[in-house]
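Structural overview for review
Chain residues, written in single-letter form:
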Amino acid sequence: MTGAPPIGPWQLALASGFLVVAAGLSWALSLGMVRSLLVAAARAYAQLLALGFVLGWIFGIGNPWLVAGALAAMVVIAARTARSRVRGAHDAVFLDALGSLAVTGFTVTFAVTAWIVRVDPWYDPRYFIPIGGMVVGNGMNAVAVCLDRLLADMRARADEVEALLALGGRPWEAMRPSARDALRAGLIPTLNAMSVAGLVFIPGLMTGQVLSGTDPRVAAAYQIVVLLMISAATSLASVLAILGAGRHLFDREERPLLPRER
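These remarks concern the structure in this document. All of these numbers come straight from a predicted model, not from anything done at the bench.

**A short note on unusual backbone geometry**
With an omega dihedral of -5°, the bond running from D120 to P121 counts as a cis peptide bond. Here P121 lies in the loop between helix 4 (91-116) and helix 5 (125-156). With phi around 55°, R118 is a residue other than glycine that occupies positive phi space. Along the chain, the position of R118 falls in the loop between helix 4 and helix 5. At E254, a position not held by glycine, the phi torsion is positive, near 65°.

Printed below as a string of structure tokens:
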């Protein structure tokens, strides 16, 4: 089997026809998303092409500190993005997301490259950065959903929370129902992806490896590892983010800080 055929500027221009279809449908149906689609596509072009050059440079050097710095930059960007998706978020939400994604990103990625795939060295950027990107990216989505659901539910339950605290309950006891619902919401996309992988869709990593000439059986094994890795990453990141947020939802006298939902 040979590697995937290269894609040049003309092929990219032809692929842009898909964007024209999406923008045309948005315009015809008056969805008001033409500008958003064009801006998103332009960002994707610029970011991915720049990433290709940057990764080529990092791969050539292979310095562990440079690799760690690249993953750290991904974590910071992911934390900022997660905060922007949480409605009514305060500044502490960024720190909650940052801490949970940093712990998850480095620990889960290290476990995969060092113990499962057994890359030598374990920080080989060709493995560590793509795997770390998948860990942090999926963790970011789960954290954003969890924190958004948690804050919204705590606002809706403000009277109930105050009543529980007045009766002697502790903050975690008052927060538990909201935390449980938030965690369920954050994990649903991962569970759905695992349930239909190989039936409804062929996941991205497996597709890429098959296109590059990897034996489909080997690609399937890698994809299984990635799906299990993502399930652990989203679970750990979500729990850490919820625990971190819990410290900012109550003051020192254990009074709720979130305003009631209007």
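Picking up after the structure, the text goes on.
**A closer look at the packing of aromatic side chains**
The description of two aromatic rings rests on the distance between their centres and on the angle between their planes. With the rule as written, the count across this model stands at four aromatic pairs. Between the aromatic rings of F110 and W115, the centroid separation amounts to 5.4 Å while the plane-to-plane angle is 75°, which identifies the pairing as edge-to-face. What makes F110 partly exposed here is its relative accessible area of 28%. Here W115 falls in the exposed class, since its relative accessible area comes to 62%. Here the aromatic rings of F110 and W122 are separated by 5.1 Å at their centres, their planes lie at 85°, and the arrangement is edge-to-face. Separated by twelve residues along the polypeptide, F110 in helix 4 and W122 in the loop between helix 4 and helix 5 bring together distant segments of the chain. Accessibility expressed as a relative area gives 38% for W122, which makes it partly exposed. An aromatic cluster of at least three residues, connected via ring pairs, comprises F110, W115, W122, Y123 and F128.

**Looking at the environment of R118**
The class for R118 is exposed, based on a relative accessible area of 66%. Beyond its immediate stretch of four places on either side in the chain, R118 contacts V112 and T113.

**Looking at the environment of V161**
Secondary-structure assignment places V161 in helix 6 (residues 158-166). Overall, the relative accessible area of 2% leaves V161 in the buried class. In the structure, V161 is positioned 90 residues away from D251 in sequence and 14 Å away in space, judged by C-alpha atoms. Not counting residues up to four positions away in its chain, the partners in contact with V161 are M154, A174, F250 and P256.

Thresholds applied
- Residues numbered from 1 in each chain as written.
- Predicted model: local features only at pLDDT ≥ 70, side-chain atom pairs only at ≥ 80, totals over all residues.
- Heavy atoms only, no water.
- Helix = DSSP H or I, 4+ residues; strand = E, 2+ residues; numbered from the N terminus.
- Phe/Tyr/Trp six-rings, centres within 6.5 Å; stacked < 30°, edge-to-face > 60°.
- Buried < 20%, exposed > 50% of the residue type's maximum accessible area, 1.4 Å probe, protein only.
- Contact = heavy atoms within 4.5 Å.

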